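Residues per chain, in single letters:
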Amino acid sequence: MNVTAIGRFYDRFAGVYDHLFDHVFREGRAEAIRALELAPGSRVLEVGVGTGLTLPLYPAGTEIVGIDISQPMLREARERADRENGGKRVGLVRMDAARLAFPDDTFDGVYAPYVVSVVPYPRRVVEEMARVCRPGGKVVIVNHFGSRNRLGAFLEKRLTPLTHFVGFRLDLPVEAILGIPGLELEENRRVNMLKLWRLLVFRKTTVEGAGVGETAVAGATRIA
Ligand SMILES: C[S@@+](CC[C@H](N)C(=O)[O-])C[C@H]1O[C@@H](n2cnc3c(N)ncnc32)[C@H](O)[C@@H]1O
């Protein structure tokens, strides 16, 4: 599915999303917030913020920017942010995760819950997340990835043509988003029901040899 078709799918789904995916994914969202280790005043980008189910979990004093391709999902997120704010600043913008309209090194943490197997170009999305995260900050992903055991992998391959119609794939290999320059994997563990999802925590590093006042990340050199 292309970005427009995926967006349209979530447009129609916005009103019922919480009934299906609030509780079932809650553990992963809470673990991701813990992993971000946000200090008061931290600035976070949430990619594919959806209806904003993670928003109430951020500590007070966090400044959150949420982006999503679906305006109806963002409307639900806006209502939640106004209703359950708890001392946070929340900005919500319609944007494609593969083309983030933020300068390099903008955020202290960048987080994508249940999004990378929904987008057509998962690696591109994670590269963009790395780009807008400041050196030393964290990039956190929660997602289901393709199974390594033969039966699981077989079932996922068979089911993926069906799940495509509901906007995601089951068989995305975790390797598709590993090995991105400037992202060091610090944590990789299972979360949620039956431990079928993974929490991946990366640290954005500077490339060795960058001079004083320079950060060289993901192939780009930026003068601070
Ligand atoms: C499975 S939902 C996850 C929502 C939310 N993160 C959560 O924890 O429930 C996937 C979300 O990604 C959004 N999305 C899909 N493709 C996108 C893209 N290319 N750019 C930004 N958001 C996208 C969808 O609109 C939807 O809100």
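Residues numbered from 1 in each chain as written. Predicted model: local features only at pLDDT ≥ 70, side-chain atom pairs only at ≥ 80, totals over all residues. Heavy atoms only, no water.

A. Examining the environment of Arg158 more closely. Inspection of the secondary structure puts Arg158 in helix α6 (residues 150–163). Residue Arg158 is classed as exposed on the basis of its relative accessible area of 57%. (Helix = DSSP H or I, 4+ residues; strand = E, 2+ residues; numbered from the N terminus. Buried < 20%, exposed > 50% of the residue type's maximum accessible area, 1.4 Å probe, protein only.)

B. Geometry of the site of the ligand. Inspection of the region around the ligand gives 19 residues, with Tyr17, Gly48, Asp68, Ala97 and Pro113 positioned closest. Between the ligand and Arg29, the relevant distance is 2.9 Å, taken from an oxygen atom to a side-chain nitrogen or oxygen of the residue. The separation between a nitrogen atom of the ligand and a polar main-chain atom of Ala97 is 2.8 Å. Taken by itself the ligand offers 590 Å² of open surface, and the protein chains cover 97% of this. Here the shell around the ligand is built from residues that sort into 13 nonpolar, three polar and three charged. (Near = heavy atom within 4 Å. Polar contact = N/O pair within 3.5 Å; in protein donor to acceptor, adjacent residues only side chain to side chain. Areas by Shrake-Rupley, 256 points an atom, 1.4 Å probe, with all protein chains shown as cover. Nonpolar A, V, L, I, M, F, W, Y, C, P; charged D, E, K, R; others polar.)

C. Representation of the environment of Gly52. Position of Gly52 among the secondary structure elements: in the loop between β1 (43–47) and β2 (63–68). The class of Gly52 is buried, set by a relative accessible area of 0%. Along the primary structure Gly52 and Arg75 are separated by 23 residues, whereas in three dimensions their C-alpha atoms are 9.4 Å apart. Discounting residues that sit within four places of it in the chain, Gly52 has contacts with Ala77 and Arg80. (Contact = heavy atoms within 4.5 Å.)

D. Spotlight on helix α3 (residues 26–36). Looking only at α3, the buried set comprises Gly28, Arg29, Ala32, Ile33, Ala35 and Leu36. Mapping the buried residues of α3 onto a view down its axis gives an arc of 160 degrees, with all of them on the same face. One or two residues past the end of α3 sits Glu37, with phi positive at roughly 45 degrees. (Arc of directions from axis to C-beta.)

E. Inspection of the side chain of Asn143 at higher detail. Counting through the fold element by element, Asn143 comes out in strand β5 (residues 133–143). Polar side-chain contacts of Asn143 include one of 3.4 Å to the backbone nitrogen of Val116. With residues up to four places along the chain from it excluded, the contact list for Asn143 reads Tyr114, Val115, Val116, Ser117, Trp197 and Arg198.

F. Inspection of the packing of aromatic side chains at higher detail. All chains considered together, the criterion is met by 10 aromatic pairs. When the ring of Tyr17 is compared with that of Phe21, the centres are 5.1 Å apart and the planes differ by 45 degrees; the resulting orientation is tilted. On the criterion of helical spacing, the pair formed by Tyr17 and Phe21 is a turn pair, its members being four residues apart in helix α2 (residues 17–21). Its relative accessible area of 12% is what places Tyr17 among the buried residues. Take Phe21: its relative accessible area is 23%, and that puts it in the partly exposed class. Each member of the aromatic cluster is reached from another via a ring pair, and the members are Phe9, Tyr10, Phe13, Tyr17, Phe21, Phe25, Tyr114 and Trp197. (Phe/Tyr/Trp six-rings, centres within 6.5 Å; stacked < 30°, edge-to-face > 60°.)

G. Focus on the pairing of β1. Taken across its five residues, β1 has four buried, putting it largely inside the fold. As judged from the three bridges shared by β1 and strand β4 (residues 107–113), these two strands associate in the parallel manner. Residue pairing for β4: Glu46 is matched across the bridge by Tyr111. (Pairing = 2+ DSSP bridges.)

H. Broad picture of the sheet that holds β2. Strand order in the open sheet formed by seven strands is β3-β2-β1-β4-β5-β7-β6, and the pairing between neighbours is mixed. What marks the edges here is a single partner per strand, and that holds for β3 (89–94) and β6 (183–191). For this sheet, the mean inter-axis angle between neighbouring strands, taken without regard to orientation, is 15 degrees. Along the sheet, α3 contacts β1, β4, β5, β6 and β7 (197–204); its crossing angle with β5, the most-contacted strand, is approximately 165 degrees. (Axes fitted to C-alpha atoms, helices over the stretch in contact; angles between N-to-C directions.)

I. Structural view of the pattern of salt bridges. Taken as a whole, this structure holds 22 salt bridges when the rule is applied. One salt bridge in this structure joins Arg83 and Glu84, with 3.4 Å as the shortest N-O distance. Of the residues examined, Glu84 reaches a relative accessible area of 35% and is grouped as partly exposed. Between Arg124 and Glu128 there is a salt bridge, and its shortest N-O distance comes to 3.9 Å. With Arg124 and Glu128 both in helix α5 (residues 122–132), this residue pair falls four residues apart, about one helical turn. Taken together, the shared-partner salt bridges connect Asp18, Arg80, Arg83 and Glu84 into one network. (Salt bridge = Lys/Arg side-chain N within 4 Å of Asp/Glu carboxyl O.)

Function cannot be read off these values alone, since they describe shape.
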